[in-house]
Amino acid sequence: MVENEEKYHPSSSTDQYSAIPSPPSPASSSPGGKKPGGWRSIKYILGNESFEKLASMSLIANITVYLSTKYNLSGIFLVTVVNVWSGFSNISSLAGAFVSDAYLGKFYTLLCGSIASLLGMGIMTLTAGINLFRPAYCDQESSANCPKPLGWQLGILFAGLGLLSIGAGGIRPCNIAFGADQFDTRTEKGKAQLESFFNWWYFCFTIALVVALTGVVYIQTNVSWTLGFAIPTACLGLSITIFLLGHHTYINVKPQGSVFSDILKVITAACRKRSLSLGPEQNEEHTFYDPPLTGSELKLPRTHRFRCLDKAAIITSPDELNNQGMPKDGWRLCSLQQVEQLKSLIAVLPVGVTGVGAFITMDQNNTFGVLQAMQMDRAIGPHFMFPPGWMNIVSMVALSIWIYIYEKIYIPQTRKMTGRDKRLTMRQRIRIGIVMSILSMVVSGIVERHRRNSASKQASFISPASIALLFPQFCLSGLTEAFAAVAIMEFLTMQLTESMRTVAGAIFFLCLSISSYVGSVIVNIIHALTEKTSKSPWLGGHDLNKNRLDYYYYMMAGLAALNLIYFSFFATHYVLNSNPESEQREDDHIACHSRNNSECIQMDEEKGLAIHEHK
């Protein structure tokens, strides 16, 4: 990772930026004599992120196995519990973003979220260590007659999972945004550093997970669930310690008020003034409220997309302003900056839909892929049994290998040949990621068909097919994340303003949440339909050998293909063309509707969205 880079510290924003705890001046140095921010701060942030992800993902990777073997859950109920918990963990990011922007700031929201996760992981450790908290053990093959968990036992389990979800709500929308705050994205150097940060953020915690989860998941599955949960609990404590150790190096953007309240104000004001007529774009007859910004954030230029929202900024009477020139009622008169923030938020939603489509396919391997692994020959050699929870590590390895190749081999080689970094555009990466999601589902269906047929021939619960046959579909799932997920995260962060970075993180995880809920709805619909119309339902029940999971995978591949068509012919127009060799935006960029190309380039530069030129 790059060291000793120029540190970001805007001198014009003493009221908005500070180190933690707040010093007299944002330009003041840390105790080591260096200004806060830059890669120096990122070390602590990535260290915290790595151990936090180690703790959370060690549970996510093996939660299906834990609930199946220790709580005797199976079938649709098991998949629903996992999907609902995963979805709630992601949708809580919206609440975390609101609290961060309106009250606590990113630093303290991250800290509170980490503490909540520590408490949740502690409860999960207790459920594993105290037999009274779980139903009696039951053999896997006869689980149809196993005792089910009592209501209060499920209550304790859900309390632990709920605290983990609350913790995730504080951590997920803020970790990327807090890291991005350490760079000055108004400069070419800062934008280049930020783009690399996205990749290294994924890379660092993934490597830590691959190294650690191999041991943690193995301990959970083959040694002790209590010890296997105690280790992640300790890692969460370590992540909090690392995060606090770096407090003097951070640039902290103080809470400036929630963007969500501004959004509601703009919508309310626009509805109140819906009867007003804006007139022609080039000859508008109204005066708009457009005060100068007092902070360091760059002002958004006026656009003519979604013009109905502009009515919220129309000054209909001088009485709407007080003696200081401020609105008397913020729910009736908003600034053009507030209006443009809402417009930019609306403009990223089509790409968010594409993300939901890609993330749904990734979820399949986290649930059904692990269930496949539990009914396959897991022997690797004469003495080693491959834990089912390790299958997710295959995805992480594929993701890490690609990012390393991209950052350390592909880009340096193109720099030698062309004299500049030739990065893949966001459009290319998202499109490649969707293609990978299609291939992942097709390969999953082919492997499941082979697994089921071989199990039927042996008339056994466990198929003689090797678990290694699942590696390709998990690798493709990891590449889906490496291409599509990273690009969509970068798109959201760069498309929205600095004050909306937590919102960008919340939207990303909201897409993950929606994908979990949509996936759960699809699973239940397919189960209900095929149970009535087919002798072998596609889904449902404890034994996959009695289902046709391969048909379900093929159907998901078809939905992924529809997602590719949707992105290629519609959502792609909303994605910034970030190829470093391009010298202009495409005419169909959403921010440039009704403008000519030169104005588009100027607008993107003003927003900090200029093309990354690494020379």
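Bear in mind the structure is a predicted one, so any value in this text is a computation, not a measurement. (Residues numbered from 1 in each chain as written. Predicted model: local features only at pLDDT ≥ 70, side-chain atom pairs only at ≥ 80, totals over all residues. Heavy atoms only, no water.)

*Asks:* Would you explain the overall build of the chain in this entry?
*Replies:* Along the chain, the regular secondary structure elements total 14 helices and four strands. The proportion of buried residues among the 615 residues of the chain is 58%. Sequence separation of at least 24 residues holds for 80% of the intrachain contacts in the chain that already meet a minimum separation of 6. (Helix = DSSP H or I, 4+ residues; strand = E, 2+ residues; numbered from the N terminus. Buried < 20%, exposed > 50% of the residue type's maximum accessible area, 1.4 Å probe, protein only. Contact = heavy atoms within 4.5 Å.)

*Asks:* Honestly, the state of the cysteines in this entry has me stumped. Any pointers?
*Replies:* Structurally, a disulfide amounts to a covalent bond that connects the sulfur atoms of two cysteines. Applying the stated criterion to the full structure yields zero disulfides. Cysteine Cys-271 remains unbridged, with the sulfur of Cys-308 as its closest cysteine sulfur at 8.8 Å. Cys-271 sits in the partly exposed class, given a relative accessible area of 41%. (Disulfide = S-S within 2.5 Å.)

*Asks:* Which parts of the structure should I look at to understand the pattern of salt bridges?
*Replies:* Pairing between side chains of opposite charge can happen when the charged atoms of each approach one another. What the rule picks out here adds up to 10 salt bridges. Notably, a salt bridge pairs Arg-332 with Glu-320, separated by 3.5 Å at the nearest N-O pair. Here Arg-332 is found in the loop between α7 (259-272) and α8 (336-374), whereas its partner Glu-320 is found in the loop between α7 and α8, with 12 residues between them in sequence. For Arg-332, a relative accessible area of 33% corresponds to the partly exposed category. Owing to a relative accessible area of 11%, Glu-320 belongs among the buried residues under this scheme. Among the salt bridges present, the one from Asp-550 reaches Arg-548, with a minimum N-O distance of 2.9 Å. Neither Asp-550 nor Arg-548 differs from the other in exposure class; each is buried. (Salt bridge = Lys/Arg side-chain N within 4 Å of Asp/Glu carboxyl O.)

*Asks:* Would you mind going over the confidence of the model for the chain with me for this structure?
*Replies:* When pLDDT drops low, the exact placement of atoms in the prediction is not to be read closely. Looking at the chain as a whole, its pLDDT mean stands at 77, while 81% of the residues score no less than 70. Taken element by element, the chain is modelled with least confidence in helix α14 (residues 597-606), mean pLDDT 39, and with most confidence in helix α13 (residues 549-569), mean pLDDT 93. Low pLDDT (under 50) marks residues 1-33, which in the prediction has 78 contacts with non-local residues, meaning those over four places away or in another chain. (pLDDT = per-residue confidence, 0-100.)

*Asks:* I tried to follow the packing of aromatic side chains on my own but got confused; where do I start?
*Replies:* Any aromatic ring pair is given by two values, namely how distant the centres are and how the planes are angled relative to each other. Under the counting rule described, the total for this entry stands at 22 aromatic pairs. Ring geometry for Phe-107 and Tyr-250: centres 6.0 Å apart, planes at 50°, overall tilted. Here Tyr-250 lies in the loop between α6 (225-245) and β2 (252-253) and Phe-107 lies in helix α3 (residues 75-129), a separation of 143 residues in the sequence. Accessibility assignment for this pair places Phe-107 and Tyr-250 in one class, buried. Over the aromatic face of Phe-288 sits the side chain of Arg-302, whose NZ or CZ is 4.4 Å from the ring centroid. One cation-aromatic arrangement involves Arg-548 over Tyr-551; the distance from NZ or CZ to the ring centre is 4.3 Å. (Phe/Tyr/Trp six-rings, centres within 6.5 Å; stacked < 30°, edge-to-face > 60°. Lys NZ or Arg CZ within 6 Å of the ring centre and 35° of its normal.)

*Asks:* Hey, could you run me through a nonpolar patch on the surface in this one?
*Replies:* There is a patch of nonpolar side chains on the surface, built from Leu-126, Ile-130, Leu-132, Leu-150 and Trp-152 and spanning about 480 Å² of accessible area. Looking at where Leu-126 falls in the secondary structure, it is placed in helix α3. Assessed through its relative accessible area of 44%, Leu-126 is described here as partly exposed. (Patch = residues over 30% accessible without salt bridge, like charges linked within 9 Å, V, L, I, M, F, W, Y side chains within 5 Å. Areas by Shrake-Rupley, 256 points an atom, 1.4 Å probe, with all protein chains shown as cover.)

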